[in-house]
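# Secondary and tertiary structure notes
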Amino acid sequence: MNRTFRYLYLSAIYVCLYLPILILVIYSFNASRYSTNWQGFTLQWYSALFSNTSLMEAFRNSLLVAFSSSVVATVIGTLAALAFYRYRFWGRQIMSSFIYVVMMSPDIVMGISLLMFFIILGVQTGAFTLLLAHITFCLPFVVVTVYARISGFDRNIIDVAKDLGASEMQMFRHIMLPMIIPAIIAGWLLSFTLSLDDVIVSFFTTGPSFEILPLKIYSMVRLGIKPEINALSTVMFFLSLLTVTVSHLVIKENR
Amino acid sequence: MEKVPIVRLRGVTKRFDDVVAVDTLDLDIYEGEFLTLLGPSGCGKTTVLRIIAGFETPDTGEIFMNGDRLTNIPPNKRNVNTVFQSYALFPHMNVFDNIAFGLKMKQCDKKSIQEEVRRAIDIVKLSGLEQRRPFQLSGGQQQRVAMARAIVNKPKVLLLDEPLSALDYRLRQEMQLELKRLHRQLGITFVFVTHDQVEAISMSDRIAVMNEGRIEQIGTPITIYEEPDNMFVARFVGEINVFDGRVKHVENGSAQVDIHGQRFKVQNKKNLFPGQDVTVLLRPEDIMVSPNGNGSGGEGPALSGSVDEVIYKGKTVDLIITLDQGETIFVTQFFNEDQENVVYSQGQRVDVDWLYGWEVVL
C-alpha cells in the first residue's frame, strides 16, 4: 500500500514534468496546422523549419552567442574562482559576496541596467553588447561552481606540490586543473544553456540587426503557435538532452 | 670535532598580523639527527617548520643550509621535503603517480622514476597498492604514501608536521617505530613537530621545547626530562610535583632546603645561597612513599599526608596524596620484589621523601 502510494506520487511528479514536453514532441509530427486533434504523422514541419532561413539564422546566432559567451565566462570565472581561493587580498570578501548578488538579481534589473550602461557609453546594441551581457550573467555561475569544488580540497595540496619541486605553472597544470576540470565543464554547460534560452536580458541588450532564437520564437508565438515552433522546440529538447548526457559521462569519467 | 649544522636558523622572527609566531629564534640542526620541535599549539613549532620548508619567509633573520643562504629561495628549489599532518595526497592520482610526482617535476627519465618509486614503495611497505587511489587507502597507508612521496626525492632534510596525530593509538605506536626505522635506514635528517611529549621523548635524538615562539630548552630526551631548565619545560614534559622551599645552608656541592619545616638535602648545581627562595621539582616516579611513622627506614626528613586516590595501572600504581600543608602531589609506584607493600588504601596516612640527587632545583 505504502509502496504503491510512493510510486504513484513519484509518477505524478514526472508526469507533470515531462507530459507537456511529450505533447509538444507529438504535436511536432501532427499533420494538422491549427487544430489540436491528431490528423496523421508528418515531417513537413521539420522541413519547413530547416528551410525557414530567418529562423535558422536566429538559431545559428544563438548557438554562436551561447558558445562564445560560455567559453569567455568559463575562462574568466575559473580564474576568478582561483584568485578567491588562492590569494588573500583587500576586498576579497566583499567581491566574492557581490558575485552572489549578481546571480540573485532579477533578469529584468540586469537587462535594464545593462541597456542603460550601453546607452551611456554610446555603444550601439547588437551582437557585441549581447555577447557582453551574456558573459556577465553567466560569469557568477562559473565562479560559484568552480569555487565550490576547489574550496573542498585540502589547501596543503598546493604546498605539497611546491614542496615536491613544482613551479606555479606545473602545480596548476598537474594538480589544480585536473582536480577542478569537472567543475569547469559543469560551469561551462550551465553557462551554455543559460545563454541559449535567455529571453529577458537579451531582449534589452540586442539590437534589431542581430536576432537570436528565444527572441525570434517569442515574437513568432505572439501571432499564434506554429507547428514549426513545435518542431524547433523538439530539436532543442533533444539537443539539451544530448549535452546533459555527454557532460554526465565526462564528469563520471573524470572522477 | 665540531659538527657542522645542516640547517641553521639565526635570529628568525615571523609575525602574523600582530601575533609573533616565531621570536628571534636560533636553531642548529645537525646532519642525520632526529630533532623534535615540541610545544603546545600556537607555540610556533609549525611556523619554524614552514620557514625551513620555504612556505613562509621570515620577517627578520636568516636561514642557511650547509652554509648557503636559503632565506629567499622558494620551496620548489629547496632540497627539503615535508610530510603534512593531513597527508594531502593528490586525490586524482594513484599511489604510484603520487610518489612519482617529485621525480616527474625534476624531469627524471621514465626508467629511473620506475626504479626509484619502486624502491620507495618497498621501503614504506606498500607493494601491491600502486594502482590504488588515495580514497581507497586506510589512514596508515595514506601516511606511508605521504612518507614515500617525500623520501623518493632524497631530501637532505625531511620535515614532519605532526604526521601521526590523525592515527589511532595502536597505529600511532606502530608508525613511531616505523619512523625510527626509516630514520636509521635512510640516514636523512628528520625534523619532527609534535605536541605529544611521550612521542617526542621516545623518538628523538634531540628535543627543542618551544613556547611562545622561543626555544625554552634544547637537548637530549634524557636531559629534557630529568634536568629541565625552567618551569615551562618541567611542566610540559611529563607530570611533575613542585615544592616551594628556602635555602638554609650551603655546603660543597649540596644545600639544605627547608620545605614545610623539614630540611631536605639537595644538589647544588646553580650556586644557591642561604636565604634564596627555590622550587624543588620531583617526577612522580622519583617520589618514595612509606606508611606513616616508618618514613623510608626512619632516616632523613619526610613530608606527611594522606592518600586521596589510588589508581591501579597494571605496571604501576598511581597515588594522589594530599599533604598536611594542603598541597596535592602525584606519585607513581612501581611494583618490585623488595617492596611488596605498594598497595595503599584511600585515606591511609603516608610519608613521602626522595633519594638525594633525584630532585631538580630551580
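What you are looking at is a predicted structure, and each value in this text was computed from that prediction instead of being measured.

### Focus on the overall build of chain A
- Broken down by element type, chain A carries 11 helices and 0 strands.
- If you list the helices and strands of chain A from N to C, you get α-α-α-α-α-α-α-α-α-α-α.
- Its C-alpha atoms give chain A principal-axis dimensions of roughly 70 × 65 × 30 Å.
- In chain A, buried positions account for 38% of the 255 residues.
- Within chain A, contacts between residues separated by at least 24 positions form 74% of all contacts whose residues are at least 6 apart in sequence.

### Observations concerning the interface of chain B and chain A
- The interface of chain B with chain A comprises 25 residues on the first partner and 19 residues on the second.
- For the pairing of chain B and chain A, the buried interface totals around 1,800 Å² over both sides, and the portion due to carbon and sulfur atoms is 62%.
- Per-residue buried area on chain B facing chain A is highest for Asn 76, His 92 and Met 105 of chain B; these three make up 30% of the total on that side.
- Between chain B and chain A we count 1 salt bridge in total.
- The shortest N-O distance in the salt bridge between Asp 159 of chain A and Arg 50 of chain B comes to 3.2 Å.

### Here we look at a nonpolar patch on the surface
- Together, Phe 5, Tyr 7, Tyr 9, Leu 10, Ile 13, Tyr 14, Leu 17 and Tyr 18 of chain A make up an exposed nonpolar region whose accessible area comes to about 890 Å².
- Topologically, Leu 17 of chain A is positioned in helix α1 (residues 2-27).

### Notes on the pairing of strand β16 (residues 303-312) of chain B
Residues and elements named next belong to chain B.
- As paired elements, β16 and strand β19 (residues 349-354) share 4 bridges and run antiparallel to each other. Along β19, the bridge assignment pairs Leu 303 with Val 352.
- Here 7 bridges tie β16 to strand β17 (residues 316-323), and the two strands are oriented antiparallel to one another. Across the sheet, Tyr 312 pairs through a bridge with Val 317, a residue of β17.
- Here β16 folds back onto β17 in antiparallel fashion, the turn holding 3 residues, of which Gly 314 has a positive phi close to 95°.

### A closer look at the packing of helix α3 (residues 53-86) of chain A against helix α6 (residues 127-150) of chain A
Residues and elements named next belong to chain A.
- At a closest axis distance of 6 Å, the pairing of α3 and α6 adopts a crossing angle of 40°. One finds that α3 runs oblique with respect to α6. The crossing of α3 and α6 is right-handed.
- Class assignment of the residues belonging to the contact of α3 with α6 gives a composition of 19 nonpolar, 6 polar and no charged.

Reading the values: the criteria
Residues numbered from 1 in each chain as written. Chains lettered and ligands numbered in written order. Predicted model: local features only at pLDDT ≥ 70, side-chain atom pairs only at ≥ 80, totals over all residues. Heavy atoms only, no water. Helix = DSSP H or I, 4+ residues; strand = E, 2+ residues; numbered from the N terminus. Buried < 20%, exposed > 50% of the residue type's maximum accessible area, 1.4 Å probe, protein only. Contact = heavy atoms within 4.5 Å. Buried area = accessible area lost by both parts, 1.4 Å probe. Salt bridge = Lys/Arg side-chain N within 4 Å of Asp/Glu carboxyl O. Patch = residues over 30% accessible without salt bridge, like charges linked within 9 Å, V, L, I, M, F, W, Y side chains within 5 Å. Areas by Shrake-Rupley, 256 points an atom, 1.4 Å probe, with all protein chains shown as cover. Pairing = 2+ DSSP bridges. Axes fitted to C-alpha atoms, helices over the stretch in contact; angles between N-to-C directions. Parallel < 35°, antiparallel > 145°, perpendicular 65-115°, else oblique. Left-handed = near helix turned anticlockwise from the far one by under 90°. Nonpolar A, V, L, I, M, F, W, Y, C, P; charged D, E, K, R; others polar.

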